Structure formats: structure tokens, C-alpha cells
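Residues per chain, in single letters:
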Amino acid sequence: MRRRPLPSLREETDHKTWRSVCESEWAVYTLVASVGALTYANSLGGEFVHDDIPAIVSNSDVTGGSSALGILRNDFWGTPMSDPNSHKSYRPLTTLSFRLNYLLCGLSAWWWHVCNVGLHAACCVLVARTGAVVARLQRPFAALAALLFAVHPIHTEAVTGVVGRADVLACVLFLSSLLLYHGSSGKHRVWPSVLLAALSMLAKETGLTALLFNVIFDLYRCWGSIIRSCPTRCRWKGDSVYGRVARGMAALALLATFRIAMLQGSLPAFSPQDNPPAFHPTFIVRLMTFCYLAAFNWWLLLCPWTLSHDWQMGSVPLITSGWDPRNLLTLFALFALLALSYCCLVDIEFQRHTPAVVGLMLLVFPYLPASNLFVTVGFVVAERVLYIPSVGFVMLTVYGIQLMWRRTMNGRRLLALGIAVLVVSGAARTHFRNCDWRTRESLLRADLAVLPHNAKLHYNFANFLKDIEQQESAIRHYKEALKLWPSYASAHNNLGTLMLASGRAEHHFLQALKYNRDHVNAHYNLAKLYRKKNRIGDSLKMLERCISLEPRFVQAYIELLQITPHEEKRGILDRLLEIEPNNWKHYQLYGDWFKEKGLWPLSLQYYMSAVRLSVSDKSLAPGNLLPLGSACLVLRTIGQRARALQLANRWQSARSDEAATARRWALARAWRLRSELADRAAKYARVPLITSTCLHHSKLEVPLDEQKPNRGIKENARKFSHKNDVHSAPKRGEVGAEKASTANGCQKSDHKKGVSISAQYKPIHNKSETGHKLKSCRLQKKKKIKEETFTPFVSDHLIKTY
């Protein structure tokens, strides 16, 4: 069966120059990619904010804390899919891209934003290609659709927020699947398009709707051939529409079954705080609210002025009455949808409004998984889920502009001016919105100004204030969150942690358990409070409940160690090693337990394991020295001091890089040089025992029986001290004038009267014994020249210099 020929892609326009530029495909692609990248250039300096922290910074699947196979078993947030508390968002391809990002550039947020902006630029190119090839827009208007997509402010959460990469990556694969299936060459590459759709689903769940689009649009394009169908025997031929539809539907059913199987028998568990309409008992209220939410999302695409990263908890009140004026917006959106559908169905035979059909399908199909009509989701409104539906929206908008351009000749200048204003205003709004996403504080403050009645925003802002230790402001925002949402259990719990001194902490913890009986942190905080009040029994009950709710809650086990008798701690320590076998702190606790029991060899064994694990911990916290100190103390206690020194040197070498090692060796050489110079200075400052006429002042001792007041002795002592400028400290046993004598003094051998020399000192001059002429001592000559400056120069100047 042969398909009817497609209409020509090139149509005449009045502006030949514009047409020639727009028909140059690479020029169009370069233009739209550049505009898309430049619009988000100011987002490159942003930090990890909002969901980036749990999905990237704290996710072991991203930072390499778990094996690569764990990415295939865990959800987007690093929780096993089999866990009942899992979010059930299975996006291994996005997580794999995060892990590759981490391996290449670590947690430098600049490079992560560069990847997001690059993917957005690629999406802009694919939108231009899809508008021209699949939607059959005229090439200038296909380029205009790509420009409007590039600057649309609704994309800030998906592009500027790093976690939004799931939507951007899914859109790249989604549009690639469409282009392979409905390519300009006339060939339908069904299985490659199925593969790309599957990859898009692994980036985000909405990518599965690419197969639904391919099948239905193929039926639309071949509707005339189906009506005038050949004999039945030719319908299932490999290249026929029936064969393509059959393969597409089979692949869709298979991928949907796989995605349902990944839920592993349980749906994601959400709370009324996440999605209040989904938990309302009345069906009419749920239906009216969900229909209004769909219309509200369409309004955000049309007028993206009120933007927020969080629309939960009171941001969109429930519609409980049919007289609610917001129902008018729902009716208007429903009427527009029905009118577009009617135009497409009436024109199905002639296919004159193919851009409207493509735009409507791209607007509706990718939004269905997030509409709450089939599956309950964990949000009310999320701007990031509108990334792929916005492709359909801009195509509908541009198709309307194309029809107006055709039918109005005089108003084209005004229309062109309106288009220019639309593009520039979109780029300006996106630029300012990117500034809001730079830091956690700026994002929360901007969104609180837009949605002051959102309890979740007050709660998150209070958490931020708590982290920067502004407790008074944090308490005020926690109370505001509870005023807007009284049953907010997490707000009660966090407020209780700030009110320990006021005595109101227990009340807030109990309130948190009242509204959420399974609140793990409230049980844990209450257990700690009871332990401090010496209510050991109540604390034990809370910890047991906490562990039953979260069997892998490490802090609960550590708290349990403090109230458990010493003999019963071993089971808890074994459980800690089972939960986190690579945490050195648990080995440290085990070593302390053996040390208290007096089992030194076993204690040393666990300390050494803690030392080995702490080497791999790259944080510079002082606590990392704790296992090393404990191991060295044990080694010193058992008498192995050399081994303790060797352990310290090896640990320091393993923890340091080459530059730090070089600095350490330089400091060691400087220390050795200072020590050597200090020893030399001490030797120069200390005169050795010299015989002959060179008498040291310590040898001039007056016997106790001859200590008499003698004026001659005092005068000689004053003369002796006047000749020497460097004085020594008085020594025990020296009397009177001898205490003021110099440390390096020398004099001739003519002794004054009244001066008694010790009997142990023998005044013999070596040179007089060999027949040489008696000469004055050389030390005395040198002393007259350099005595005042030489000693302080050596002992002080050289030591301070090196």
C-alpha cells in the first residue's frame, strides 16, 4: 500500500531574504541553539538547590558510594525500588548521566549547568527540525517556534535546576524518536524509534508517550489510504501502516509492562501534603480540581509570570463548589481543546491543518502521566513536567501566527513587532528567573513573595534559616507554616528541635506523632529528649519504634548504644557494621567497646580498620584523627612506641598529596637546621673548662669559712664585671661579687689577696711548662674585638632567620 504524497515543504513568501536565510538549515540550527544557550548563560553560576541536594549531592548512586549496578535497581533518589518508601521514579539513564558528570568534574556546579544548557540548545535544534519535517510548518515559522521554545520562561526549572535534566534529556530522545519515525526521507525506522522512545522513558516516564504519538500520528497521516485500503492480504505487509502500528503498539505494551514491573508490586506512597486533591473523599471535588489544574498548566504556558519551584500545600486551593469562578477557566480550556480536536477530525481527509494536529498531540500526550487522571503523582503543579508539552504549545501558537501572516497583508509589520516583543519579553523573564535559581536563599525568597500562603515554602525557608543559625527567624517561619497547615508533622518536629530550651519540644514532637504516627525523626528526637530527662524506659520504646519503622536508621542504633548496658552492646555494634560496613566510625565504637573490656589486641584490630577507612574519607574534619590517636595510644600502652610512630607517619603520607609532602619535608629540614644552629649557639655561648690563667668564674669560689666582708674583693668583682658586657645568671653556691661575674671572662694569673682558689683547681699554664714565654691568652684578645656582637649574632640572628 502506498502512502499519499506529502505536501511540499517550500512555499512562497513575500520576504525572499528571510526565506533564503531560514531555508539554510544549518543557519537556523545555529541561530536557535545560540539563542537557547545565551538565554540561560546567566544560570551557569548557580549552586545546587532544592531537589539537587537529595538527588545529586546526597545520592550515593551519583557520587560513587554504590556500585554502577545499583543505578539499575534504585530509583531516581537512590532508594531501592523494592523499598516501600521508594518514590518509584525509575530514571537510570538520567542518574547515569549524573554519575558521568561527577566522574568528570566532581561536584563543581558550573559544569553540571553547562550540560543542562547544552541539552537545552540541542532541544531547540530538534524543535526546529520537528516543526519543519513532522508538523509541516513553513521553515521560517518552524525557526520561530524553536525561538519561542528557547526563551520560554516555563523552562527555567527544567534547565536551571540540575535535577530538571531528566525532562530535558527525555525531550531530546523524544523528539529524536519522532524524527526517525516520521523522517523526511519517507522511510519509517520503527525499531530505532522504539529504542529511542525506550531510552526517553528511562530518562523520565513521560518519554513512553513518544510511541503513542508515533502510532496515532501515523494513522492520521495514512487515513486516506486506510479508507481506500487494498485487499486484506496486503495490509500486514512489513512497510504497511498496519505493520508499523502493530509493531508500535506491541513495543508500547511491552515497555509499559516493564515500567509497571519496576514498581515491584507497590505504588508510590504520597501524603495529603504532596497532593491534597488526590486524597479528598469526594469524587466531584477531585475531578473539578484536577480539570482546573490542567487548565492552570495551560495558563502557565500562555502567561508564565507567576512561577514557583513548589506549588504544594495551599498554593492551589481545592474547588469544592460548582460556583467557584475558577471553573470558568476550566470550561474555557475544555472548549478550546474540543474546538481544536473538531478541526483536526473534520480535516482528517484533507490534512490541511497538520501543524495543529501535531501541536495538539504534543501538548496533550506528554502531559497525561502528570495529569492525576490515571495515576496519582506527588505534586499539584510542576513546571518541569511542561517541558515537552511546551513543544506542542509553541507549534500551535506559531501555526496561528502563520495563518495570520498569510491572511493579513497590511498588518504584517505590526505582527512582526508583536513577535519580536514576545521573544524579547520571554528572554528577559527567563533571565530574571535564572537569577532566582542561583542560590537556595534567593529561590526561597522569590517564591515566598509570589506564594506567601504556601506552607511548604515557609517550612523550607525555616530549614534554611536553621542551617545558617538564625533560630528566631526559623521559629517564626515554622509557626507560619503550622498556621497555614496545622497538621504539618515535619514542621512540628523541626520546631521542637529549636525549642528544647523553652520546654515546648516534647509538645511539638508529640504533635508530629499525632498527625503522622510513622514519623521516624519525631520518634528519634523524642527518644533523645527522654534520655536527657533520664526517662530510659520511654526512650527505649521510642528507639524500638523508630528502628521498626526504619531498620537501617543508623543514628537510632548509635543512640541506643548510650542507654544499653555494656555487656549487651555487641549486638548493636554488629548491626551497625552490617548496615554500613565502610564507615570508620562504627569500627571506632567497636574498638572503644573492646578497650573498655580490657581486650587490647581486639581493640587494636578494630582501630586499625577504622584508620584504613578514615584514610579514604577525604573530609578534613578533625574527627578523622580519632582512630589514629586511639590506635597509637593502644600501641604505646602495650610498649610498641616505634610502631605507633610508624603508623602516624604512614597515615600522614597516605592522607597528603605531593605538594603537602614537599611542604612537610621542607618544614622538617628547617626544624633540623634550627636545632643544629641552636646547639652551635649554645656551644659558643658556653666556655669550656680552661686551665692556666684563663679562669672561669665558676672556679672562683670563696670558702664558707673565709667569707668575710672585704672591700678589696668587692672592688675587684666590680672591676671584673665592668670589663665584661655579657653576664651569666647567678648560680647556687656563689656569694657576693662572684654572682655578678661574666660567663666568658678571662684574666691573668696574678691573684689578689683574699681570693681563695678551690683546691681541685691546679693553676698550671701549658706554655710555661714547655719553656715558652708567658703571653696573654688569645681568648682575651678576641674578646676585646668581637665579644659584644659575636655571641648574640650566632645565637639569635641565625636561629630566627632559618
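Conventions and cut-offs
Residues numbered from 1 in each chain as written. Predicted model: local features only at pLDDT ≥ 70, side-chain atom pairs only at ≥ 80, totals over all residues. Heavy atoms only, no water. Phe/Tyr/Trp six-rings, centres within 6.5 Å; stacked < 30°, edge-to-face > 60°. Helix = DSSP H or I, 4+ residues; strand = E, 2+ residues; numbered from the N terminus. Buried < 20%, exposed > 50% of the residue type's maximum accessible area, 1.4 Å probe, protein only. Lys NZ or Arg CZ within 6 Å of the ring centre and 35° of its normal. 1 Å grid on protein atoms, 1.4 Å probe; cavity = no way out; pocket = protein on both sides within 12 Å on 5 of 7 lines; lining within 4 Å. Points joined across faces, edges and corners; volume = space filled by probe spheres on them. Nonpolar A, V, L, I, M, F, W, Y, C, P; charged D, E, K, R; others polar. Contact = heavy atoms within 4.5 Å. Expected span 1.5 Å × (residues − 1). UniProt positions renumbered as here; feature names shortened; annotations may be inferred.

A word on the packing of aromatic side chains
Counted under the stated rule, the structure contains 23 aromatic pairs. Taking the centre distance of 6.0 Å and the plane angle of 45 degrees together, the rings of Phe-76 and Phe-98 count as tilted. Here Phe-76, found in the loop between helix 5 (70-73) and helix 6 (92-105), pairs with Phe-98, found in helix 6; they are 22 residues apart in sequence, far enough to count as distant. Take Phe-98: its relative accessible area is 0%, and that puts it in the buried class. When the centroid spacing of 6.4 Å and the interplanar angle of 70 degrees are considered together, the rings of Phe-141 and Trp-405 count as edge-to-face. One end of the pair, Phe-141, is in helix 8 (residues 139-151); the other, Trp-405, is in helix 18 (residues 389-407), and 264 residues separate them in sequence. By the ring-pair criterion, three or more aromatic residues cluster together here, those being Phe-48, Phe-76, Trp-77, Phe-98 and Trp-112. Geometry around Phe-76 places Arg-91 over its ring, the cationic atom sitting 5.0 Å from the centre. Across from the ring centre of Trp-305, 4.9 Å away, lies the NZ or CZ of Arg-429, which sits over that ring.

Brief notes about unusual backbone geometry
At Gln-351, a position not held by glycine, the phi torsion is positive, near 55 degrees. Relative to the elements of secondary structure, Gln-351 occurs in the loop between helix 16 (326-346) and helix 17 (354-364). With a phi close to 70 degrees, Asn-372 is a non-glycine residue in the positive phi region. The residue Asn-372 is located in the loop between helix 17 and helix 18 in this model.

Brief notes about empty space enclosed by the protein
Summed over the entire model, instances satisfying the criterion amount to seven cavities of 30 Å³ or more. Estimated volume of the largest cavity: approximately 80 Å³. What lines the largest cavity is Val-49, His-50, Asp-51, Asp-52, Glu-157, Gly-161, Val-162, Val-163, Gly-164, Arg-384 and Trp-437. Of the residues in the lining of the largest cavity, the class split is four nonpolar, three polar and four charged.

Details of the side chain of His-586
Relative to the helices and strands, His-586 resides in helix 29 (residues 584-596). The exposure class of His-586 is buried, given its relative accessible area of 3%. Non-local contacts of His-586, meaning those with residues more than four positions away in its chain, are made with Val-554, Ile-558, Leu-576, Leu-577 and Glu-580.

Re helix 31 (residues 626-637)
Compared with an ideal rise of 1.5 Å per residue, which puts twelve residues at 16 Å, helix 31 spans 16 Å between its outermost C-alpha atoms and is within 8% of the ideal. Of the residues making up helix 31, those classed as buried are Pro-627, Leu-628, Ser-630, Ala-631, Cys-632, Val-634 and Leu-635. Of the residues trailing helix 31, Gly-639 is marked for its positive phi of about 90 degrees.

As for the UniProt feature "transmembrane region" (unreviewed entry) in the protein chain
Mapped onto this structure's residue numbering, the UniProt feature "transmembrane region" (unreviewed entry) falls at residues 162-181, 193-217, 245-262, 283-307, 327-345, 357-380 and 386-405. Secondary structure content for residues 162-181 is 85% helix and 0% strand, and the end C-alpha separation is 30 Å. Between the end C-alpha atoms of residues 193-217 the distance is 14 Å, and the span holds 80% helix and 0% strand.

Considerations on the environment of Ala-382
Relative to the elements of secondary structure, Ala-382 occurs in the loop between helix 17 and helix 18. For Ala-382, a relative accessible area of 4% translates into the label buried. Separated by 225 residues in the primary sequence, Ala-382 and Glu-157 place their C-alpha atoms 8.8 Å from one another.

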